[in-house]
Structures are given as C-alpha cells and as structure tokens.
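Understanding the architecture of this molecule
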Amino acid sequence: MRDMSPGERRAFLAEGTRTGKLAVTMADGTPHVTPIWFVLDGDDVLFTTWHTSVKARAMRRDPRVSLCVDLEEPPYAYVHLRGRVTFDEDLDAVRRAATEIGSRYMGADRAEEFGRRNGVPGEHLVRLVADHVVAEHDMAG
C-alpha cells in the first residue's frame with residue numbers, strides 16, 4: 001500500500017466513471033450515504049443535487065461531508081475526502097457543471113441532454129472543498 005501524490009489523487013478521481021459515495025448527517029444524527037456523479041475543478045469536487053433531496057437538506061443544515069471514491073478491483077485504491085460544501089444556484093454555472101458531468105458519465109454525445117435536464121431551477125451546484133484527504137493505492141500490494 002502506498003499514499004497517492006496530489007497529482008495521482010486528481011488523476012484517480014477524474015478517471016473513467018467512478019462514482020463517489022457521499023456521506024452526510026441527517027437532522028436526527030443518522031448517517032446517510034448516497035452515490036454521486038462528479039467532476040473536478042482543481043482540487044474541488046463538483047456535483048449537482050435537487051434542492052429538496054435528502055442530501056441537499058442535510059448539507060444545508062450541516063455543510064460537513066465525507067466522500068469516498070474507490071477502485072473495486074485489484075490493485076484496489078481509494079480517495080477519501082472530508083470537508084465542507086457550498087451551494088451555487090446560478091443556472092449558467094449549474095448547467096455548465098451538469099453538462100460536464102453528463103459528458104463524463106453518459107458520453108459526449110449525451111452531455112447537452114443531461115446539461116439541459118439538470119441545469120434547471122431547483123437543481124443546485126455543490127462544491128466540496130476538502131480539508132482532510134486520505135488517498136491510497138495498491139492496497140493489495
């Protein structure tokens with residue numbers, strides 16, 4: 001097992017269609033984990049969410065989150081980010097991010113479709129700024 005460098009971490013997070021597992025805390029203290037599609041903006045993670053979703057309500061109440069992205073086959077690897085989120089409701093920003101996310105997960109030919117579908121009033125752009133990172137590669141080594 002070895003730690004990833006910051007460059008390796010960014011490459012790992014940006015590779016393919018790996019989903020993130022986002023953990024938030026609900027109002028009663030119950031943990032809630034949900035998969036997300038995301039893209040990177042530098043070291044920040046961007047994703048969208050509907051304003052009334054469980055995760056949106058939880059993050060508005062408490063912006064502290066945890067995100068894990070992993071490689072589920074040998075040599076096994078993961079990146080765990082812990083930090084705070086902020087919201088952006090600007091429709092142009094939401095649509096740009098939704099289009100980029102759509103391109104990553106559904107392909108360039110469907111990117112605009114997903115940008116239009118998810119770049120609407122009520123959908124929010126979320127930015128995760130990590131203050132704690134653990135990134136390890138070659139877990140089976």
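Data block above holds the structure.
Read on for an overview of the structure. Not measured: the values here are computed from a predicted model. (Residues numbered from 1 in each chain as written. Predicted model: local features only at pLDDT ≥ 70, side-chain atom pairs only at ≥ 80, totals over all residues. Heavy atoms only, no water.)

**Notes on the packing of aromatic side chains**
Scanning the model with the defined rule gives two aromatic pairs in all. The interplanar angle of 5° and the centroid separation of 4.8 Å between the aromatic rings of Trp37 and Tyr105 together place this pair among those described as stacked. In this pair, Trp37 is assigned in the loop between β3 (31-36) and β4 (39-41) and Tyr105 in helix α3 (residues 91-106), connecting sequence segments 68 residues apart. With relative accessibility at 34%, the residue Trp37 sits in the partly exposed group. Ring geometry for Trp37 against Phe114: centres 6.1 Å apart, planes inclined by 45°, an arrangement best described as tilted. With Trp37 in the loop between β3 and β4 and Phe114 in helix α4 (residues 111-118), this residue pair connects regions lying 77 residues apart in the sequence. (Phe/Tyr/Trp six-rings, centres within 6.5 Å; stacked < 30°, edge-to-face > 60°. Helix = DSSP H or I, 4+ residues; strand = E, 2+ residues; numbered from the N terminus. Buried < 20%, exposed > 50% of the residue type's maximum accessible area, 1.4 Å probe, protein only.)

**Quick look at the pairing of strand β2 (residues 20-25)**
Burial of β2 is one-sided: the residues Gly20, Leu22 and Val24 facing one way are buried, the residues Lys21, Ala23 and Thr25 facing the other way are not. Bridge count for β2 against β3 is six bridges, and the pairing is antiparallel. Within β3, the residue paired with Gly20 across the bridge is Ile36. Relative to strand β6 (residues 64-71), β2 runs antiparallel, the two sharing three bridges. (Pairing = 2+ DSSP bridges.)

Geometric values such as these leave the question of function open.
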